[in-house]
Amino acid sequence: MRLNRVRSNVILPAMKRKPIQVHHFTLRDEHIELHNLLKIVGVADSGGQGKALVAAGTVQVDDAPESRKTAKIRAGQKVTLDGVTIHVHASDAAASDAS
């Protein structure tokens, strides 16, 4: 009697993908500059490195490429780059001020 064997290499390539990090950032003000967001969340070690990531073309805001280092990121926007997603939220105080 022959046993059917499951080929593990069919599943493994999908599992070898880079892990995805998801960050949630709460704004204190109306907006934050893109390179500062990357620094504060920990994606970049410094604001200069954040600017370099943006200049390299690896950053997207709301699924569109973003090349402005000082782009104003506001509540409700999503920033993505190589394996990292950052969701930006309004603070509770800012949300109650808007009401």
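Residues numbered from 1 in each chain as written. Predicted model: local features only at pLDDT ≥ 70, side-chain atom pairs only at ≥ 80, totals over all residues. Heavy atoms only, no water.

### Comments concerning the confidence of the model for the chain
Here comes step 1: With 74% of its residues at a pLDDT of 70 or more, the chain has an overall mean of 81.
Here comes step 2: When mean pLDDT is taken per element in the chain, strand β5 (residues 72-74) scores highest with 97 and helix α1 (residues 12-15) scores lowest with 47.
Here comes step 3: When the criterion is pLDDT under 50, residues 1-16 qualifies, and its contacts beyond four places in sequence or with other chains add up to zero contacts. (pLDDT = per-residue confidence, 0-100. Helix = DSSP H or I, 4+ residues; strand = E, 2+ residues; numbered from the N terminus. Contact = heavy atoms within 4.5 Å.)

### Section: the pattern of salt bridges
Here comes step 1: Inspection of the entire model under this criterion finds three salt bridges.
Here comes step 2: Glu 30 is the salt-bridge partner of Arg 74, the closest N and O atoms lying 2.9 Å from each other. Here Arg 74, found in strand β5, pairs with Glu 30, found in the loop between β1 (21-26) and β2 (31-33); they are 44 residues apart in sequence, far enough to count as distant.
Here comes step 3: Judged by its relative accessible area of 59%, Glu 30 falls in the exposed class. (Salt bridge = Lys/Arg side-chain N within 4 Å of Asp/Glu carboxyl O. Buried < 20%, exposed > 50% of the residue type's maximum accessible area, 1.4 Å probe, protein only.)

### Observations concerning the side chain of His 35
Here comes step 1: Note on placement: His 35 falls in helix α2 (residues 34-41).
Here comes step 2: Assessed through its relative accessible area of 8%, His 35 is described here as buried.
Here comes step 3: When sequence neighbours within four positions are dropped, the list of residues in contact with His 35 reads Gly 47, Gly 50, Lys 51, Lys 69 and Thr 70.

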